[in-house]
Amino acid sequence: MIEVDNLLPPVFLNEIKSILHGDKFPWFYYESVGSNDEDVDIPKHPQSIRIPGFVHILVYTGDNGPIVNSECWETVKPISYFISDRCNMDFKNIVRCKVNMTTPIPRRDFDKDNFSIPHIDHRGINNTTAIFYVDDSDGDTVIFNEVYDGSIPESVTVKDRVKPKSNKLIVFDGNMYHAGSLPLDYKSRITINFNFEV
């Protein structure tokens, strides 16, 4: 895993924050972030739990190439150039880029050790996942030891936990299982997630 602090110049970071925190940015509710509606094809962990959140898909790859899904994509797209430069990474294509937001919810069965359903973002594509933290927050990103190799592990074990810090980036193999967490002490946890075909 690669970790990069201070990825963006402050003026660009502030522009991104003003858009994502603005009242004109559309968010779409997902009942379970990071997973589908079925309890199939997901590894188990005793601390994983379905958590709701808000998603905004900026761009994704369709059958005939990239499909821009948001007018905000042109503003966010340059982050990919900073990622490529700071991580010395060449990529063929952006498979998907989306913005995720989770907020505290009153659940007695959720604490700082819990996290969403362990998942990978894309199967069958040699890809790299990059998660950019927009704001300081809590709600760790959890990286697991298990890697998707064509079969789904029955369970997963925690390898690392990363605390959200504004302007921080983490990059890891897209086949590594990972999960997000809810913030408990902050009003939101906002990330921009890139999946690069490499």
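The structure this text deals with has already been given above.
Residues numbered from 1 in each chain as written. Predicted model: local features only at pLDDT ≥ 70, side-chain atom pairs only at ≥ 80, totals over all residues. Heavy atoms only, no water.

1. Description of helix 1 (residues 10-20)
An α-helical turn contains 3.6 residues, so a residue and the one three or four places further along point in the same direction. Rules: When a residue's accessible area, from a 1.4 Å probe over protein chains only, is under 20% of the maximum for its type it is buried; when over 50% it is exposed; and in between it is partly exposed. Helix and strand assignments come from DSSP, with helices taken as H or I runs of at least 4 residues and strands as E runs of at least 2, each series counted from the N terminus. What the arc covers is the set of directions going from the helix axis to the C-beta atoms.
Buried within helix 1 we find F12, L13, I16 and L20. Taken down its axis, helix 1 places every buried residue within 100° of arc, on the same side. The exposed residues of helix 1 that point more than 90 degrees off its buried face are P10 and V11.

2. Here's the deal with the environment of E197
Put simply, the rule is: It only takes one pair of heavy atoms within 4.5 Å for two residues to be counted as in contact.
Turning to its location among the elements, E197 is positioned in strand 11 (residues 189-197). The class of E197 is partly exposed, set by a relative accessible area of 27%. With 71 residues separating them in the primary sequence, E197 and N126 have C-alpha atoms 5.9 Å apart. Residues in contact with E197, not counting those within four places in the same chain, are F91, K92, N93, V95, I125, N126 and N127.

3. Quick word on the packing of aromatic side chains
Our working rule: Aromatic rings from Phe, Tyr and Trp, taking only the six-membered ring of Trp, are treated as a pair when their centres fall within 6.5 Å; an angle between ring planes under 30 degrees marks them as stacked, one over 60 as edge-to-face, and anything in between as tilted.
For the structure shown, the criterion picks out six aromatic pairs. Where F12 meets F82, the ring centres are 6.0 Å apart and the plane angle is 40°; that geometry is what we call tilted. Taken as a pair, F12 in helix 1 and F82 in helix 3 (residues 78-86) lie far apart in primary sequence, 70 residues in all. Judged by centre distance (4.9 Å) and plane angle (70°), the ring pair of F25 and W27 falls under edge-to-face. Taken together through their ring pairs, the aromatic side chains of F91, F194 and F196 make up a single cluster.

4. As for the pattern of salt bridges
When their charged atoms lie close together, side chains carrying opposite charge are able to pair. This is how the line gets drawn: One speaks of a salt bridge when a side-chain nitrogen belonging to Lys or Arg is within 4 Å of a carboxyl oxygen belonging to Asp or Glu.
Overall, the coordinates contain seven salt bridges when judged by the stated rule. Ionic pairing is found between D23 and K24, a salt bridge with its closest N-O pair at 3.9 Å. Assessed through its relative accessible area of 73%, D23 is described here as exposed. According to the relative accessible area criterion, K24 is exposed, its value standing at 74%. In this structure, K112 and D113 form a salt bridge, with 3.5 Å as the shortest nitrogen-oxygen distance. Here D113 falls in the partly exposed class, since its relative accessible area comes to 32%.

5. Points about the pairing of strand 7 (residues 141-147)
Where we set the bar: Only when DSSP finds a minimum of two bridges between them are two strands counted as paired.
Among the seven residues of strand 7, five are classified as buried, and the element is accordingly described as predominantly covered. The pairing of strand 7 with strand 8 (residues 158-162) spans four bridges and is antiparallel. Residue pairing for strand 8: F144 is matched across the bridge by V158. Examined bridge by bridge, strand 7 and strand 10 (residues 176-179) share three bridges and lie antiparallel to one another. Pairing of I143 across the sheet is with H178, part of strand 10.

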